[in-house]
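Each chain is listed here by its residues.
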Amino acid sequence: MPIGVIVLDDDPDLRDSLVDVYSLAGCACFAAASYAELTALPQEALAARLAILDINLGAEAPSGLDAFRWLREKGFGGAIVFLTGHARSERLVDEATRLNSVRLLQKPMSIQALLELLESRVKT
Amino acid sequence: MNDLAEHRALRAAASAALLALIGTLLDWTNWRHLPRVPGLFESFIVAIVVYLGALAVLYARRERPPEQLAAVLFLCVVAAASLFSWFGDQGLAARNAYFVPFENNKVAALAIALVAPRSLWAGFGGIAIFVGSALIHFVLFPPGVRALMAFHEPVTTSIYGLFAIALLVVRLRSLASHEELVRIRAERALLDQNARIFLAIRDLANTPMQTISLVAYLMRTQKDADLAQLASRVERSLGKLRELNDLIEKARAAAQPHGGGTSFDALAWLRRRGAP
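Keep in mind that what you see is a predicted model, and the values were worked out from it rather than measured. Position labels on residues start from 1 in each chain and follow its written sequence. Here the convention is simple: chains get letters from A, ligands get numbers from 1, in the order in which they are written. Given that this is a predicted model, residues contribute local features only at a pLDDT of at least 70 and side-chain atom pairs are listed and counted only at 80 or more, while totals for whole chains, interfaces and linings are drawn from all residues. Each side-chain value is derived from all of the structure's non-hydrogen atoms; neither hydrogens nor water enter the calculation.

Enquirer: Even after reading the chapter, I still don't get the overall build of chain B, so can you show me in this structure?
Expert: Summing up its helical and strand segments, chain B has nine helices and zero strands in all. For every residue, the accessible area obtained with a 1.4 Å probe (protein chains only) is divided by the maximum for its type, and the residue is called buried under 20%, exposed over 50%, and partly exposed between those limits. The buried share among the 276 residues of chain B stands at 41%. Residue contacts are counted whenever heavy atoms from the two residues lie within 4.5 Å of one another. At a minimum sequence separation of 6, the contacts of chain B that also span at least 24 residues come to 80%. Carbon and sulfur atoms provide 66% of the accessible area of chain B, an area that totals close to 15200 Å². The secondary structure listing takes helices from DSSP runs of H or I that are at least 4 residues long and strands from runs of E that are at least 2 residues long, numbered from the N terminus. Surface exposure here means Shrake-Rupley accessible area, sampled with a 1.4 Å probe, where a residue is shielded only by the protein chains that are shown.

Here it is in structure tokens:
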């Protein structure tokens with residue numbers, strides 16, 4: 001059974017590219033452009049084992065942190081990784097670094113590092 | 001010279017002219033009853049004209065008063081007030097009775113220390129005019145008049161002068177420290193602003209860079225030699241962009257966290273600040 005991966009990013013090109021890369025690796029991807037899209041299909045989202053969340057999802061929009069809280073509230077048991085282009089000094093990013101059981105990765109990440117996230121989920 | 005210094009000089013000269021105007025009018029209400037002394041009334045008129053003239057010039061140049069002009073006007077006001085005090089002391093001496101001379105000079109020296117413009121020569125010059133004229137006047141008074149004066153003059157006036165100089169030095173140092181603090185804060189604000197601009201630019205570049213690296217990887221997976229060659233070029237260019245990214249990263253330490261719990265838009269943030 002393929003590993004389910006959530007890709008939450010408001011940038012369509014990056015979102016599609018991440019989906020393509022993980023699909024090539026044999027994953028079943030669930031792509032969402034916003035918090036609303038993610039939470040609209042809870043069954044698909046909660047079935048995944050890895051969630052890659054962008055932190056900033058557009059001006060004044062709910063953030064990746066809100067998505068993280070929603071996933072945890074709904075009992076999501078997979079790994080959660082924040083992938084952000086913003087500096088750690090930004091408030092939301094700083095807040096994300098304080099969360100337990102999540103990883104914070106800075107864009108641009110190497111392909112190898114992105115695929116290793118998947119390998120760690122296969123092992124678990 | 002800066003706006004802060006110019007406005008301080010304007011305030012100092014205007015305060016001095018207003019204080020001198022009030023003091024001179026109050027003195028005149030008492031001194032006009034003194035025995036007729038040549039020059040007292042004339043010095044009163046000259047002083048009033050100088051004060052009002054200084055105020056008029058300062059008002060006319062209030063938008064951008066040159067610091068030097070304000071300091072010169074300040075000294076003109078001091079000189080006019082000192083002249084009037086000189087003739088006032090002449091009037092007190094003419095009563096042929098015990099009197100306390102140089103009262104105006106003492107008070108004026110302290111007032112100058114408190115309101116003088118930032119220029120050293122204006123503050124020291126003003127104190128020197130009042131204390132110096134008192135000392136010269138003391139020397140010029142006949143021995144009979146000196147015998148009628150309060151004890152310890154001109155020592156008392158000299159002590160007032162020294163105290164005024166000390167007060168002026170402390171005040172000018174405090175002003176200099178304050179201006180330095182204002183300058184440092186302005187520089188810090190500018191650095192913070194620049195750091196945030198660099199960060200916003202870098203943040204905006206990170207997502208497309210990530211996309212390009214993924215697309216280059218996807219091109220390699222197509223098993224096409226030409227595409228693989230193109231992917232190599234793209235990856236080399238990405239490497240150069242990463243080096244630039246590292247340079248911008250150095251500005252990060254100076255940036256302040258932005259507030260708010262929702263997401264933010266780096267591009268909108270840059271546009272609000274007029275960046276292209």
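Enquirer: Would you mind showing me how to read helix α3 (residues 67-93) of chain B here?
Expert: Counting along an α-helix, one turn takes 3.6 residues, and residues three or four places apart therefore face a common direction. In this scheme, a helix's expected span is set at 1.5 Å multiplied by one less than its residue total. Across its 27 residues, α3(B) extends 39 Å between first and last C-alpha, which sits within 8% of the 39 Å expected from 1.5 Å per residue. α3(B) sits mainly inside the fold: 19 of its 27 residues count as buried.

Enquirer: Would you mind going over the state of the cysteines with me for this structure?
Expert: Among covalent bonds in proteins, the disulfide is the one between the sulfur atoms of two cysteines. All names here are of chain A. What counts as a disulfide here is a pair of cysteine sulfur atoms lying within 2.5 Å. In the structure shown here, the tally under the stated rule is zero disulfides over all chains. Between Cys 29, a cysteine without a disulfide, and Cys 27, which holds the nearest cysteine sulfur, the sulfur-to-sulfur distance is 5.7 Å. Cys 29 sits in the partly exposed class, given a relative accessible area of 26%.

Enquirer: Looking at this structure, how should I read the pairing of strand β1 (residues 4-8) of chain A?
Expert: One face of the sheet, then the other: side chains in a regular strand alternate in exactly this way. All names here are of chain A. Here β1 lies mainly inside the structure; five of its five residues are buried. In this analysis, strands are considered paired if DSSP registers two or more bridges between them. Here five bridges tie β1 to strand β2 (residues 28-32), and the two strands are oriented parallel to one another. Note that in β2 the partner of Leu 8 across the bridge is Ala 32. With four bridges joining them, β1 and strand β3 (residues 50-53) adopt parallel strand pairing. Counted as the bridge partner of Val 5 is Leu 50 from β3.

Enquirer: Help me out: how do you make sense of helix α4 (residues 103-115) of chain B in this one?
Expert: Look at α4(B): 18 Å from first C-alpha to last across 13 residues, which is about the 18 Å you get at 1.5 Å a residue. What α4(B) keeps buried is the set B:Asn105, B:Lys106, B:Ala108, B:Ala109, B:Ile112, B:Ala113 and B:Val115.

Enquirer: I'm lost on the pairing of β3(A) in this one. Help?
Expert: Burial along β3(A) is two-sided: A:Leu50 and A:Ile52 and A:Ala51 and A:Leu53, pointing in opposite directions, are all buried. With strands facing away from the observer, any crossover in which the path from the first strand over the helix to the second runs clockwise is taken as right-handed. Handedness of the crossover joining β3(A) and strand β4 (residues 79-84) of chain A through helix α4 (residues 64-73) of chain A: right-handed.

Enquirer: Is there a simple way to think about the pattern of salt bridges in this case?
Expert: Note on pairing: side chains with opposite charge can pair once their charged atoms come close. Salt bridges are defined by distance alone: a side-chain nitrogen of Lys or Arg within 4 Å of a carboxyl oxygen of Asp or Glu. Counted under the stated rule, the structure contains 10 salt bridges over all chains. As a salt-bridge pair, A:Arg69 and A:Asp66 come within 3.2 Å of each other at their nearest N and O atoms. You can see A:Arg69 and its partner A:Asp66 sitting in helix α4, three residues apart, about one turn around the helix. For A:Asp66, a relative accessible area of 24% translates into the label partly exposed. As a salt-bridge pair, B:Glu180 and B:Arg183 come within 2.6 Å of each other at their nearest N and O atoms. Placement of the pair is B:Glu180 and B:Arg183 together in helix α7 (residues 155-220), with a separation of three residues, close to one helical turn. Assessed through its relative accessible area of 36%, B:Glu180 is described here as partly exposed.

Enquirer: Just checking my understanding: could you explain the nonpolar core for this structure?
Expert: One broad rule of soluble globular proteins: the nonpolar side chains tend to lie buried together. Formed by 52 residues in total, the largest nonpolar core has its most connected members in B:Leu40, B:Tyr51, B:Phe74, B:Val77, B:Phe84, B:Ile112 and B:Ile127. Put simply, the parts of the chain that give this core at least two residues each are α1 (3-31), α2 (40-60), α3, α4, α5 (120-140) and α7 of chain B. Excluding residues that lie within four positions of it along the chain, B:Val77 makes contacts with B:Ala16, B:Ala17, B:Ala20, B:Val50, B:Tyr51 and B:Ala54. By size, the runner-up hydrophobic cluster in this structure holds 24 residues, among which are A:Ala51, A:Leu53, A:Ala67 and A:Leu92. Joining through side-chain atoms within 4.5 Å is the link that ties buried Ala, Val, Leu, Ile, Met, Phe, Trp, Tyr and Cys residues into a set, and such a set is a nonpolar core.

Enquirer: Looking at this model, I keep getting lost on the packing of aromatic side chains. Mind explaining?
Expert: Describing an aromatic ring pair means giving the distance of the ring centres and the angle of the ring planes. Residues and elements named next belong to chain B. Geometry of aromatic contacts follows a simple scheme: Phe, Tyr and Trp rings, the Trp one being its six-membered ring, pair when their centres are within 6.5 Å, and the pair is stacked under 30 degrees between planes, edge-to-face over 60, tilted otherwise. Across all of its chains, the model carries eight aromatic pairs over all chains by this definition. Between Trp 31 and Phe 84, the ring centres sit 5.1 Å apart and the planes meet at 45°, which makes this aromatic pair tilted. Of this pair, Trp 31 sits in helix α1 while Phe 84 sits in helix α3, placing them 53 residues apart in sequence. The class of Trp 31 is buried, set by a relative accessible area of 10%. On the basis of relative accessible area, Phe 84 is assigned to the buried category, the value being 1%. Of the aromatic side chains, those joined through ring pairs into one cluster are Trp 28, Trp 31, Phe 41, Phe 44 and Phe 84.

Enquirer: Quick question: what am I supposed to make of a nonpolar patch on the surface here?
Expert: Within the patch definition used here, like charges are joined within 9 Å and nonpolar side chains (Val, Leu, Ile, Met, Phe, Trp, Tyr) within 5 Å, considering only residues with over 30% relative accessible area and no salt bridge. Where nonpolar side chains cluster on the molecular surface, the patch consists of B:Phe41, B:Ile45 and B:Val49 and spans about 280 Å² of accessible area. Relative to the assigned elements, B:Phe41 resides in helix α2.

Enquirer: Would you explain the packing of α3(B) against α4(B) in this entry?
Expert: Between two packed helices, the angle of one axis relative to the other and the distance separating the axes together describe the packing. All names here are of chain B. Two numbers describe how α3 lies on α4: the axes approach to 10 Å, and their chain directions differ by 165°. Considered as vectors, α3 and α4 are oriented roughly antiparallel to each other. Crossing angle aside, the handedness with which α3 passes α4 is right-handed. Along its contact with α3, which presents Phe 74, Val 78, Ser 85 and Asp 89, the element α4 presents Asn 104, Asn 105, Ile 112 and Val 115. Three classes are used, and their members are as follows: Ala, Val, Leu, Ile, Met, Phe, Trp, Tyr, Cys and Pro are nonpolar, Asp, Glu, Lys and Arg are charged, and the others, Gly among them, are polar. Here the contact of α3 with α4 is composed, by residue class, of four nonpolar, three polar and one charged. Note on geometry: axes are lines fitted to C-alpha atoms, helical ones only across the stretch in contact, with angles between N-to-C directions running from 0 to 180 degrees. When describing relative orientation, an angle under 35 degrees is termed roughly parallel and one over 145 degrees roughly antiparallel, while 65 to 115 degrees is termed roughly perpendicular and anything else oblique. Two helices that cross are described as forming a left-handed crossing if the nearer one is turned anticlockwise from the farther one by less than a right angle, and a right-handed crossing if clockwise.

Enquirer: Where do I start with the packing of helix α1 (residues 12-24) of chain A against α7(B) in this structure?
Expert: It is at 9 Å that the axes of α1(A) and α7(B) come closest, and there the two elements cross at 35°. For α1(A) against α7(B), the interelement crossing comes out left-handed. Contacts from A:Asp13, A:Leu14, A:Ser17, A:Leu18, A:Asp20, A:Val21 and A:Leu24 of α1(A) reach α7(B) at B:Thr207, B:Gln210, B:Thr211, B:Leu214, B:Val215, B:Tyr217 and B:Leu218. Here the contact of α1(A) with α7(B) is composed, by residue class, of eight nonpolar, four polar and two charged.

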